[in-house]
Amino acid sequence: AQKITQTQPGMFVQEKEAVTLDCTYDTSDQSYGLFWYKQPSSGEMIFLIYQGSYDEQNATEGRYSLNFQKARKSANLVISASQLGDSAMYFCAMREPNNNNDMRFGAGTRLTVKP
Amino acid sequence: EAGVVQSPRYKIIEKKQPVAFWCNPISGHNTLYWYRQNLGQGPELLIRYENEEAVDDSQLPKDRFSAERLKGVDSTLKIQPAELGDSAVYLCASSLDARETQYFGPGTRLLVL
């Protein structure tokens, strides 16, 4: 069964605007971690932000914030003030301690920032 | 601080040939991962090392894939013989331990002809 679902294969956003990339997950565990990575065309996976399942506040890192809605099992990434350099693939991932701490990735969303 | 280093960045080989990938993790990181990323998909774990020990290799196709992490630092992933379906990006990642954030290298793009 698919553990991580990213329903948006591609997204467009105008430069300087905000964009939300969707991610839903499936787990029966109470303890888990959620991650977002950025993968530019160069291929490297760049860690952006982390949210623990017990964290009461939404994680923020600069222009990145994670809209964590535990009851809905969603962990959407919000990028504020988009820049041309934000154009890339974005992957949502989940790590489950009860599953050997293995990390599972979604299929990704390709974000294109338009000038 | 240097990131995860991988080489080569690109490799083109003919089917049935062997190929090897090398990874140097971030200094001090005990856990090392090899992932395969097929086109249009997210990475999938092949094998995880805790120091020198392979603790999770359930997804590694053992008939043709092998890996080693001598001295608990550098690691190599080998495919012998390569098949057309092995064409993918092979990513190496490391973390302080299995509970910490994983940091990835630039990957090796393999094309099997």
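Residues numbered from 1 in each chain as written. Chains lettered and ligands numbered in written order. Predicted model: local features only at pLDDT ≥ 70, side-chain atom pairs only at ≥ 80, totals over all residues. Heavy atoms only, no water.

Visitor: Run through the overall build of chain B, naming residues and quoting values.
Guide: When you go through chain B residue by residue, the secondary structure sums to zero helices and eleven strands. The secondary structure elements of chain B, listed N-terminal to C-terminal, are β-β-β-β-β-β-β-β-β-β-β. For chain B, whose C-alpha radius of gyration is 13 Å, the value lies close to the compact-globule estimate of 13 Å for 113 residues. Each of the three principal axes of chain B carries a C-alpha extent, and together these read 35 × 25 × 25 Å. Taking all 113 residues of chain B together, 47% fall into the buried category. (Helix = DSSP H or I, 4+ residues; strand = E, 2+ residues; numbered from the N terminus. Rg over C-alpha atoms; globule rule 2.2 N^0.38 Å. Buried < 20%, exposed > 50% of the residue type's maximum accessible area, 1.4 Å probe, protein only.)

Visitor: Explain the sheet that holds strand β1 (residues 5-7) of chain B residue by residue, including any values.
Guide: All names here are of chain B. Read from one edge of the open sheet, four strands run β1-β3-β8-β7, paired in antiparallel fashion. Looking at the sheet topology across the chains shown, the edges are occupied by β1 and β7 (65-68). Mean inter-strand twist for the sheet, computed between neighbouring axes without regard to direction, equals 15°. Sheet topology places strand β3 (residues 19-24) next to strand β8 (residues 75-79); five bridges connect them, and they run antiparallel. Its bridge partner lying in β8, Cys-23 is registered against Ser-75. (Pairing = 2+ DSSP bridges. Axes fitted to C-alpha atoms, helices over the stretch in contact; angles between N-to-C directions.)

Visitor: Account for the pairing of strand β6 (residues 46-52) of chain A, with residues named and values stated.
Guide: Residues and elements named next belong to chain A. In this sheet, β6 lies alongside strand β5 (residues 33-39) in antiparallel orientation, the contact comprising six bridges. Directly across from Leu-34, in β6, lies its bridge partner Gln-51. Between β5 and β6, which pair antiparallel in sequence order, lie six residues; one of them, Gly-43, sits at a positive phi of approximately 105°.

Visitor: Could you give an account of the interface of chain B and chain A, with specific residues and numbers?
Guide: Across the boundary between the two partners, chain B contributes 22 residues, which contact 18 residues of chain A. Between chain B and chain A lies a buried interface of about 1,500 Å² when both sides are counted; carbon and sulfur atoms form 45% of it. At the boundary of chain B and chain A, one finds one salt bridge. For the side of chain B that touches chain A, the elements supplying multiple residues, two or more each, are β4 (31-37), β5 (44-50), β6 (53-56) and β10 (103-104) of chain B. When grouped by side-chain class, the residues that make up the side of chain B that touches chain A number nine nonpolar, seven polar and six charged. (Contact = heavy atoms within 4.5 Å. Buried area = accessible area lost by both parts, 1.4 Å probe. Salt bridge = Lys/Arg side-chain N within 4 Å of Asp/Glu carboxyl O. Nonpolar A, V, L, I, M, F, W, Y, C, P; charged D, E, K, R; others polar.)

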